[in-house]
Amino acid sequence: MMKSKLFWPIVVLLIILLINLFFDKNFFTIEVKNGYLTGSLIDILNRGAPLLLVSIGMTLVIATKGVDLGVGSVIAMAGAVGAMTVSGANGDSLVPLFTAIAFVIAISILTGIWNGVLVSRIGVQPIVATLILMVAGRGIAQLITDGQIMTVYYDPYTFIGGGHLLMLPFSIFIVAAMLVIASLLTRKTAMGLFIESVGTNPEASRLSGINSKNILLMVYVFSGICAGIGGLILSSNVASADGNNAGLWYELDAILAVVIGGTSLNGGRFYLMGTVIGALIIQSLTTTIYSIGIAPEINLVVKAIVVLIVCLLQSPEFRKKVFGVFNMKQTEKKSKNEGVSIS
């Protein structure tokens, strides 16, 4: 069981959640208020929804031995486009809502195509191609919002990130739907095998008949869609759009979530459920830092330490050295107690 990629991330997640129990005895309590389920665990799922979505898309990109540094900017652009579309709308019509969703999905697909074409067709390194969008995308988001925080006064729009369905936050259902779609595409069809094959050896994949260029294009488009929907949730949850700060550093958190979940940056085999656990670890850690009174300034330092611990625990070489020394000392101690010398 300890050899499973999910074992150590689950252990770390449980430890983080249990730490909160020492500071808040009601941390695991889930109550019904105003017809909705409320509690710290529900808040973690709700607030972590955008990161979960971005991380799911990032998993497929990293599986192809790539990276998408532009997801944070896509979040900002999606929020800006969505807020701008529904600005001035009234609550009597749902047309502005569906129009905003369509525009957000469209711009998300376009950003994915931009990254995918640069990487798969032109041959630009993924980190360089997506870095271009990371810089330019946030500038575009600021142009859309005119450098100001755009406030939304349209209830149907705020339902996406702040509404409830079946007593749970609606954003949870969006994440679940995207996770199911990703799982079905990659585990119930040959698509997952193609992605892992391209990430392991793109040249061998091409020679075996796999169109690696289309696979790369597809994963970047999917990553863009996940980031766009995440931006829509984030914007609707706070009923505003901030082109400067929305989605800031989300690309780094998503990469950390994927790595924590057991997917290698060298590409190949990937673990969607591991990514989900990794994203929950990051969100739970952020919640813990704020709830126990740790200064927000050292948030990134604490997060880096936890990520380092998880990565070390996942390393077979590290576990072999650490636990090997421990087992050796235990053997020597037992031998001495029995009066047997070990050469």
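Residue indices follow the written sequence of each chain, beginning from 1 at its first position. Residues qualify for local features only when their pLDDT is at least 70, as the model is predicted, and side-chain atom pairs are given and counted only at 80 or more; totals for whole chains, interfaces and linings, by contrast, use all residues. Only hydrogens and water are set aside when side-chain values are computed; all heavy atoms of the structure are taken into account.

Some points on the overall build of the protein chain
- What the protein chain contains, in helices and strands, is 15 helices and six strands.
- As a reference, a globule follows 2.2 Å times the number of residues to the power 0.38, and the radius of gyration itself is taken over C-alpha atoms. For 343 residues, the compact-globule estimate of 2.2 N^0.38 gives 20 Å, and the protein chain sits close to it at 22 Å.
- In terms of overall dimensions, the protein chain has a C-alpha envelope of 85 × 60 × 35 Å along the principal axes.
- Sorting the 343 residues of the protein chain into buried and exposed places 47% on the buried side.
- In these tables, accessible area is a Shrake-Rupley quantity obtained with a 1.4 Å probe, and a residue counts as shielded only by the protein chains included in the view. In the structure as shown, the protein chain presents an accessible area of about 17,200 Å², 67% of it carried by carbon and sulfur atoms.
- Charged-residue counts in this description rest on Lys and Arg as positive and Asp and Glu as negative, His and the chain ends being excluded. Lys charges are placed at NZ, Arg charges at CZ, Asp charges at CG and Glu charges at CD. Separation of charge centres in the protein chain, based on 21 positive and 16 negative side chains, amounts to 15 Å. Numbering of helices and strands runs from the N terminus; a helix is a DSSP stretch of H or I covering at least four residues, while a strand is a stretch of E covering at least two. Only protein chains enter the area calculation, which uses a 1.4 Å probe; residues under 20% of their type maximum are buried, those over 50% are exposed, and those in between are partly exposed.

Examining unusual backbone geometry
- In the Ramachandran plot, M167 falls in the positive-phi region, its phi being about 75° despite a non-glycine side chain.
- Mapped onto the elements, M167 comes out in the loop between β4 (164–165) and β5 (168–169).
- One non-glycine residue, W249, lies in positive phi territory at about 65°.
- Its location among the elements puts W249 in the loop between β6 (240–241) and α12 (250–260).
- Assessed through its relative accessible area of 48%, W249 is described here as partly exposed.

Focus: the nonpolar core
- Buried Ala, Val, Leu, Ile, Met, Phe, Trp, Tyr and Cys residues form a nonpolar core when they are joined through side-chain atoms within 4.5 Å. If you look at the biggest cluster of nonpolar residues, it comprises 86 residues, and the most contacted ones within it are M58 and I281.
- Ranked by residues supplied to this core, first place goes to helix α11 (residues 212–238) with twelve residues.
- We call two residues contacting when some pair of their heavy atoms lies within 4.5 Å. Once residues lying within four places of it in the same chain are set aside, the contact partners of M58 are V67, D68, V71, S223, E251, A254, I255 and V258.

Some words on the packing of helix α8 (residues 170–187) against helix α9 (residues 191–200)
- Helix axes use the C-alpha atoms of the stretch in contact, all axes being lines fitted to C-alpha atoms, and the angles between their N-to-C directions lie in the range 0 to 180 degrees. In contact at an axis separation of 5 Å, α8 and α9 are set at 75° when each is read in the N-to-C sense. Relative to α9, the element α8 is oriented roughly perpendicular. Of the residues in α9, those in contact with L185, T186 and R187 of α8 are M191, G192, L193, I195 and E196.
- The residue makeup of the contact of α8 with α9, split by class, is four nonpolar, two polar and two charged. An angle below 35 degrees is read as roughly parallel, one above 145 as roughly antiparallel, one from 65 to 115 as roughly perpendicular, and any other as oblique. Note that Gly is not counted as nonpolar here; it falls among the polar residues with everything else outside the nonpolar set of Ala, Val, Leu, Ile, Met, Phe, Trp, Tyr, Cys and Pro and the charged set of Asp, Glu, Lys and Arg.

Digging into the packing of aromatic side chains
- Pairing of aromatic rings covers Phe, Tyr and Trp, the last counted by its six-membered ring, and requires centre-to-centre distances within 6.5 Å; plane angles under 30 degrees mean stacked, over 60 mean edge-to-face, and any other angle means tilted. Under the defined criterion, the tally for this structure stands at three aromatic pairs.
- A ring pair is formed by F7 and W8, whose centres lie 5.0 Å apart and whose planes are at 80°; its orientation type is edge-to-face.
- Look at F27 and F28: their rings are 5.2 Å apart centre to centre, the planes differ by 90°, and that puts the pair in the edge-to-face class.
- Given the relative accessible area of 36%, F28 is considered partly exposed.
- One residue, R187, lies across the ring of F270, its end atom 4.2 Å from the ring centre. Ring-over charges, as used throughout, are those where CZ of Arg or NZ of Lys falls within 6 Å of the ring centre and within 35 degrees of the ring normal.

Considerations on helix α1 (residues 7–23)
- Between its first and last C-alpha atoms α1 spans 26 Å; for 17 residues at 1.5 Å apiece the expected length is 24 Å, and the two agree.
- Residues of α1 that are buried: F7, W8, P9, V12, L13, I16, L17 and N20. Here a helix's expected span is defined as the number of its residues, less one, multiplied by 1.5 Å.

A closer look at the side chain of S240
- Among the secondary structure elements, S240 is positioned in strand β6.
- The contact partners of S240, leaving out residues within four places of it in the chain, are I149, M150, T151, V152 and S235.

Topic: the pattern of salt bridges
- Basic side-chain nitrogens of Lys or Arg form a salt bridge, by our definition, when they fall within 4 Å of a carboxyl oxygen of Asp or Glu. Tallying each qualifying case throughout the model produces three salt bridges.
- Of the charged contacts in the structure, one is a salt bridge between E31 and K33, with a shortest N-O distance of 3.8 Å.
- Overall, E31 belongs to the partly exposed group, its relative accessible area being 40%.
- A relative accessible area of 47% means that K33 is categorised as partly exposed.

Focus: the confidence of the model for the protein chain
- Looking at the protein chain, the pLDDT average stands at 87 and 92% of residues meet or exceed 70.
- Across the protein chain, the element-wise mean pLDDT spans from 63 in helix α15 (residues 316–337) up to 96 in helix α3 (residues 49–63). Each residue carries a pLDDT value, the predictor's own confidence for that position, ranging from 0 to 100.

Comments concerning the environment of I233
- You can see I233 is positioned in helix α11.
- With a relative accessible area of 2%, I233 lands in the buried category.
- Taking the C-alpha atoms as reference points, I233 and T287, separated by 54 residues in sequence, lie 19 Å from one another.
- What I233 contacts, discounting residues up to four positions off in sequence, is P50, L53, I160, G161, S171 and I174.

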